[in-house]
Structures are given as C-alpha cells and as structure tokens.
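These are the residues of each chain, in order.
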Amino acid sequence: MTDSTVQTFRKKQKTGKLLTLILLIYGLAVTILAFLTGATETVSWLNWLAPFTIASIPIHYWFNPAFVFIPMAVLALAGWMMIHLGRLFGREVIIGCMVVYLALNLFFTPFYLLLGSASWQVGIVGTILGLSLCGTIYPVLVLLALHRWNPRRK
C-alpha cells in the first residue's frame, strides 16, 4: 500500500476509535444520570436522550431497570478498553451490548405503538416514536463508529 493510503486508513481508525469512545461515554453518562435523577419513572427531557427508555418501561414492572442498563453501558465501555489494551474480544462485547439495546427497542416500540394507537391518542403515538428514536439511533451510531475503527485489522 502507498503511504497516503496507510495515512488515510490510520486517520479513519483514529476517528472511529474516538467516536466509539465518545458515544460509549455518552451512553454511560446518560444512563447513570437518568437513573440517579429518577427520570425513568417520570416524564423528563432526559428520557428523550436515553437509549433505553422504551425498554425500561416493561422491565420496570419486574425489577429496577438500572440493574440491566447500567451494567450493560459499563460493559460496552469495558469492551472499548479491552480493544484498546489489545484484547480483541472487546469488539464482540460492544456489538453484543448494542444488539441487545437495538433488539429491546425494536421489540417494544411496535408493542407500545399498538397500545397507543388503540387508545386513539395521537400524542401518545408521537411520544412513543420520539422516545424510541434515540434507542434506535444510538446503537446504530456506535456500530458504525466501531466499523470505521475496525479493530480487527492490523
């Protein structure tokens, strides 16, 4: 490979690594802040920024959703540290956490949309779509940044 190709590749890796770190720190900070302030139990602006709001509603009926989502955010950040320290198993940890976020969101959003549309209230449907927006976008952005970083390639 030519020198400019290698430099371009290294620049893409650095930006992907930094974007992945920033997104994972954002997810951890919002998760901790939402559970510390009790935003998951009330209507708050923080719910619109949290990647787990829709999934925390049904989990809240059985146990505290903080026991699920805070360890998952910490585990994803630990996966980044594992990659950074040279252990490539961290990539799968991040992918697993993001797939769980995305799967929970994609499973519960249609369920709550169906319940909201049955009550014939447009405001409820709009709120559900708004709350599920971050839960859909956040894991996809993390996975795209991880793909840009491409930690498997040497």
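What counts and what doesn't
Residues numbered from 1 in each chain as written. Predicted model: local features only at pLDDT ≥ 70, side-chain atom pairs only at ≥ 80, totals over all residues. Heavy atoms only, no water. Patch = residues over 30% accessible without salt bridge, like charges linked within 9 Å, V, L, I, M, F, W, Y side chains within 5 Å. Areas by Shrake-Rupley, 256 points an atom, 1.4 Å probe, with all protein chains shown as cover. Salt bridge = Lys/Arg side-chain N within 4 Å of Asp/Glu carboxyl O. Helix = DSSP H or I, 4+ residues; strand = E, 2+ residues; numbered from the N terminus. Core = buried A, V, L, I, M, F, W, Y, C linked by side-chain atoms within 4.5 Å. Buried < 20%, exposed > 50% of the residue type's maximum accessible area, 1.4 Å probe, protein only. Contact = heavy atoms within 4.5 Å. Phe/Tyr/Trp six-rings, centres within 6.5 Å; stacked < 30°, edge-to-face > 60°.

A. Structural view of a nonpolar patch on the surface. A contiguous nonpolar patch, built from Ile57, Tyr61, Trp62, Phe63 and Phe67 and spanning about 680 Å² of accessible area, is present on the exposed surface. Positionally, isoleucine 57 belongs in helix α2 (residues 53-59).

B. Up close: the nonpolar core. With 35 residues, the main nonpolar core has Leu24, Phe69, Ile94, Met98, Tyr101 and Tyr138 as its most contacted residues. Those elements that provide at least two residues to this core are α1 (3-37), α2, α3 (66-84), α4 (89-118) and α5 (122-149). Ignoring anything within four residues of it in the chain, the contact list for phenylalanine 69 reads Thr31, Phe35, Phe52, Ala55, Ser56, Ile59, Tyr101 and Leu104.

C. Spotlight on the packing of aromatic side chains. The tally for this structure, following the rule as stated, stands at eight aromatic pairs. Between tyrosine 26 and tyrosine 138, the aromatic rings sit 6.1 Å apart at their centres with planes inclined by 50 degrees, giving tilted as the arrangement. Linking tyrosine 26 in helix α1 with tyrosine 138 in helix α5, this pair joins segments that are 112 residues apart in sequence. The exposure class assigned to tyrosine 26 is partly exposed, which follows from its relative accessible area of 29%. Relative to tyrosine 138, the ring of tyrosine 101 has its centre 5.9 Å away and its plane inclined at 80 degrees; by these criteria the two rings are edge-to-face. Residue tyrosine 101 is located in helix α4, and its partner tyrosine 138 is located in helix α5; the two are separated by 37 residues in the primary sequence.

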